[in-house]
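Tertiary structure, described
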Amino acid sequence: MFIVGLTGGIGSGKSAASQWFEKQGIQVIDADIVAREVVDVGQPALKEIATAFGDWVLQADGSLNRRALREHIFQSPESRHTLEAITHPIIRKSIIEQLNAATSPYVILVSPLLFETNQHELTDRNLLIDASEEIQIARASQRDGQSIQQIQKIIAAQMPRAEKQQRADDIVLNDGHLKHLYQQLIALHENYLNH
Ligand code: ADP
């Protein structure tokens, strides 16, 4: 199976691009969705997290208190490592299973942390959806209602744009209309079909 990694910073247009590929019949595995699934109630990773951090990470209904955990790891790099040591191998295993099960002409793995979490090791080619920080902030704040400062913080924590540009095989600059994005994707889709 030919696997294309799709990445980009917050608000760059990963979801917009993924939806376009899905419309062409290409299966898209979303690393963010997998990351949520593996900590669902009843999943072994959730138990491991509660054992490592304490029951305060669980809500009354037994589900993960994402906000509390997020705030905790934001303040402590060490706990971030602990969390990632638990979740990353499980996420990776599940991604591999889903990639292997795909039946479309090629498959896309969309991940905001494709390079940061070494998920690019699983792919044959990597596509960066790229946009200026200004555009990222405008789009993400409109979509999520988050403040400009919050989005700037997220951007600052992500891999620098220039580094992602260097690592990507294909780059689509999503700084215009959606139509312009789709036009660029058509050419790439053709290439991926003929890999
Ligand atoms: P990401 O998944 O990378 O965070 P999205 O695909 O969700 O980004 O895009 C962020 C927001 O900007 C969404 O509301 C999306 O519909 C919008 N958007 C994306 N690309 C464009 C574009 N070229 N023109 C206008 N709006 C766009």
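Residues numbered from 1 in each chain as written. Predicted model: local features only at pLDDT ≥ 70, side-chain atom pairs only at ≥ 80, totals over all residues. Heavy atoms only, no water.

1. Brief notes about the packing of aromatic side chains
To keep it simple, the criterion reads: Each pair of aromatic rings taken from Phe, Tyr and Trp, with Trp reduced to its six-membered ring, is defined by centres within 6.5 Å and is described as stacked if the planes are under 30 degrees apart, edge-to-face if over 60, and tilted in the remaining cases. Classification of residues uses two cut-offs on accessible area relative to the type maximum, computed with a 1.4 Å probe and protein chains only: under 20% is buried, over 50% is exposed, and between them is partly exposed.
Tallied over the entire structure, the rule returns six aromatic pairs. Aromatic pair Trp20 and Phe21: ring centres 5.3 Å apart, planes at 80 degrees, arrangement edge-to-face. For Phe21, a relative accessible area of 0% corresponds to the buried category. When the centroid spacing of 6.5 Å and the interplanar angle of 85 degrees are considered together, the rings of Phe53 and Trp56 count as edge-to-face. Judged by its relative accessible area of 14%, Phe53 is buried. Among the residues examined, Trp56 registers a relative accessible area of 38% and is labelled partly exposed. Here the aromatic cluster, defined as three or more aromatic residues joined through ring pairs, consists of Phe2, Trp20, Phe21, Tyr106 and Tyr192.

2. Section: the pairing of strand 1 (residues 3-7)
Note the following rule: For the purposes of this entry, the term helix denotes a DSSP run of H or I that reaches at least four residues, the term strand denotes a run of E that reaches at least two, and both are numbered from the N terminus. By this definition, two strands are paired if DSSP reports at least two bridges between them.
Of all five residues making up strand 1, five are buried, and the element is well covered by its neighbours. With burial as the criterion, each face of strand 1 is covered, one bearing Ile3, Gly5 and Thr7 and the other bearing Val4 and Leu6. The sheet contact formed by strand 1 and strand 4 (residues 125-130) spans four bridges and is parallel. Note on strand 4: the bridge partner recorded for Val4 is Arg125.

3. Topic: the sheet that holds strand 2 (residues 27-30)
The following threshold applies: Angles run from 0 to 180 degrees between N-to-C directions of axes, and those axes are lines fitted to C-alpha atoms, restricted for helices to the stretch in contact. Contact criterion: two residues are considered in contact whenever any of their non-hydrogen atoms come within 4.5 Å of each other.
An order of 2-3-1-4-5 is seen for the five strands of this open sheet, with the pairing classed as parallel. Only two strands of the sheet have a single partner each, and these edge strands are strand 2 and strand 5 (170-173). Shown here is a sheet whose adjacent strand axes are inclined to one another by a mean of 25 degrees, direction ignored. In the sheet, strand 4 pairs with strand 5 via four bridges, with the strands oriented parallel. Opposite Asp130, over in strand 5, you have Leu173 as the bridge partner. Strands in contact with helix 9 (residues 178-193) are strand 1, strand 4 and strand 5; relative to strand 5, the strand with the most contacts, it is inclined by about 165 degrees.

4. Focus: the side chain of Gln136
Tracing the sequence through the fold places Gln136 in helix 6 (residues 133-144). By relative accessible area, which is 6% here, Gln136 ends up buried. If we ignore the near neighbours within four places in the chain, the residues touching Gln136 are Gly9, Ile10, Gly11, Ser12, Ala131, Ile155 and Gln158.

5. Structural notes on the packing of helix 6 against helix 7 (residues 148-157)
How we decide: Working definition: roughly parallel below 35 degrees, roughly antiparallel above 145 degrees, roughly perpendicular at 65 to 115 degrees, and oblique for all remaining angles. By the definition used in this description, the sense in which the near helix is turned from the far one sets the handedness, with an anticlockwise turn below a right angle giving left-handed and a clockwise turn giving right-handed. All residues other than Ala, Val, Leu, Ile, Met, Phe, Trp, Tyr, Cys, Pro, Asp, Glu, Lys and Arg, Gly among them, are scored as polar; the first ten of these are nonpolar and the last four charged.
Across the interface, helix 6 lies against helix 7 with an axial gap of 10 Å and an inter-helix angle of 125 degrees. Between helix 6 and helix 7, the angle falls in the class oblique. Like other packed secondary-structure pairs, helix 6 and helix 7 cross with a definite hand, here right-handed. Side by side, helix 6 and helix 7 meet where Glu133, Gln136, Ile137, Ala140 and Ser141 of the first sit next to Ile148, Ile151, Gln152 and Ile155 of the second. For the contact of helix 6 with helix 7, a count of residues per class yields five nonpolar, three polar and one charged.

6. Some details on the domain arrangement of the chain
Worth spelling out the cut-off: Note that the domain bounds reflect an automated or database-derived domain assignment. What gets called buried area is simply the loss in accessible area from a 1.4 Å probe that two parts show on being joined, summed for both. Basic side-chain nitrogens of Lys or Arg form a salt bridge, by our definition, when they fall within 4 Å of a carboxyl oxygen of Asp or Glu.
As assigned here, the chain comprises domain 1 (1-26 + 104-195) and domain 2 (36-97). Placing a centre on the C-alpha atoms of domain 1 and another on those of domain 2 gives a separation of 25 Å. Contacts between domain 1 and domain 2 engage seven residues on the former and six residues on the latter. A buried area of about 520 Å², summed over both sides, lies between domain 1 and domain 2, and 68% of it is on carbon and sulfur atoms. Three residues, Thr117, Gln119 and Leu122, lead the burial of domain 1 against domain 2; their summed loss comes to 61% of the area buried on that side. Put simply, domain 1 and domain 2 have one salt bridge between them.

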